[in-house]
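These are the residues of each chain, in order.
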Amino acid sequence: MIWICYAVMIIVPYLLCGINSAIIVTRIKSHEDIRNLGSGNAGLTNTLRTQGKVAALFVLLGDVLKGVLSVIAVRLAFLLIAGIDTTVYDNNLNFVAFVAALTGILGHVFPVYFKFKGGKGILVSVSILMTVEWIPACILLGIFIILVAITRYVSLGSCVAAVLYGPTVLVYGLIVHDPCVYINTVIALLIGVLIVYMHRGNIVRLKNGTEKKLGQKA
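Our subject in this report is the structure included herewith. (Residues numbered from 1 in each chain as written. Predicted model: local features only at pLDDT ≥ 70, side-chain atom pairs only at ≥ 80, totals over all residues. Heavy atoms only, no water.)

1. Let's talk about the environment of His31
Counting through the fold element by element, His31 comes out in the loop between helix H2 (21-30) and helix H3 (44-51). Considered as a pair, His31 and Val68 are 37 residues apart in the sequence and their alpha carbons are 28 Å apart. (Helix = DSSP H or I, 4+ residues; strand = E, 2+ residues; numbered from the N terminus.)

2. Observations concerning empty space enclosed by the protein
One pass over the full model with this rule turns up two cavities of 30 Å³ or more. Looking at the largest cavity, it is lined by 16 residues, and the ones nearest its centre are Ser125, Val126, Leu129, Leu140 and Ala161. Where the lining of the largest cavity is concerned, the elements lending two or more residues are helix H6 (122-132), helix H7 (134-151), helix H8 (154-175) and helix H9 (181-198). When residues in the lining of the largest cavity are grouped by element, the largest group, five residues, is from H6. Classifying every residue of the lining of the largest cavity by side-chain character gives 13 nonpolar, three polar and no charged. Empty space within the second largest cavity amounts to approximately 40 Å³. Every residue lining the second largest cavity is listed: Phe98, Glu133, Pro136, Val169, Tyr172, Gly173, Asp178 and Asn184. (1 Å grid on protein atoms, 1.4 Å probe; cavity = no way out; pocket = protein on both sides within 12 Å on 5 of 7 lines; lining within 4 Å. Points joined across faces, edges and corners; volume = space filled by probe spheres on them. Nonpolar A, V, L, I, M, F, W, Y, C, P; charged D, E, K, R; others polar.)

3. Quick notes on the layout of surface pockets
Here the largest pocket defines a volume of roughly 650 Å³. Taken together, 33 residues form the lining of the largest pocket, with Asn41, Leu44, Thr45, Asn46 and Val154 sitting closest to its centre. Contributing elements (two or more residues each) for the lining of the largest pocket: H3, helix H4 (53-81), H6, H7, H8 and helix H10 (200-208). Looking at the lining of the largest pocket element by element, the count peaks at five residues for H3.

4. Some details on unusual backbone geometry
For His31, which is not glycine, the phi torsion reads 60° and is therefore positive. Its relative accessible area of 69% is what places His31 among the exposed residues. For Lys115, which is not a glycine, the phi torsion comes out positive at approximately 60°. Tracing the backbone through its elements, the reader meets Lys115 in the loop between helix H5 (95-109) and H6. (Buried < 20%, exposed > 50% of the residue type's maximum accessible area, 1.4 Å probe, protein only.)

5. Observations concerning a nonpolar patch on the surface
A cluster of nonpolar side chains, contributed by Ile10, Ile11, Leu15, Ile19, Ile24, Ile28, Val112, Tyr113 and Phe116, occupies part of the molecular surface with about 820 Å² of accessible area. For the nonpolar patch, the elements supplying multiple residues, two or more each, are helix H1 (2-17) and H2. Of the residues forming the nonpolar patch, the biggest block, three residues, is contributed by H1. Position of Ile11 among the secondary structure elements: in helix H1. Assessed through its relative accessible area of 46%, Ile11 is described here as partly exposed. (Patch = residues over 30% accessible without salt bridge, like charges linked within 9 Å, V, L, I, M, F, W, Y side chains within 5 Å. Areas by Shrake-Rupley, 256 points an atom, 1.4 Å probe, with all protein chains shown as cover. Salt bridge = Lys/Arg side-chain N within 4 Å of Asp/Glu carboxyl O.)

Structure (structure tokens):
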């Protein structure tokens, strides 16, 4: 029955996180496609800039909820179907949550429901990674908040946190003697690369001095 659990690990987070809150909320509110508005990104920041605070709040709740549920669903599948608690290090299966995180973020970024064009994955990544391993996620969230508070550039904070995710998981895993530390680190590095890649346009605008700061209208 373990193969069913592995199938759930890959498929469920992808499909669940592919439900893009920004696209749905914008269509309900203004009958438009948010991917044609502002920066073109189907995410929280662009929703805030183009649709306002109330719409952004619904996107925040939706993305956080789907991120948390995707990891919980996978862990429950292993527990209820195979009788394995993937949060226990002795089972050598805590990499399962990291794989679920990667497939969930891929689902958000490349959603099958919306022609594989979704958001950049920051908000859903935070919610997923908090559920997977909250201490490294909190460290990165702190770095993100500090950078955004100082520079007002959400994209800069996002990219720096993404780059540091792999090293943070590695150091933390070694400290707590995580048996899957190297597998988890590789997955964390892949997540970081994906997030930076999705911000390639923002990086160009940061270099050119044309990137919009937090609070600026689209």
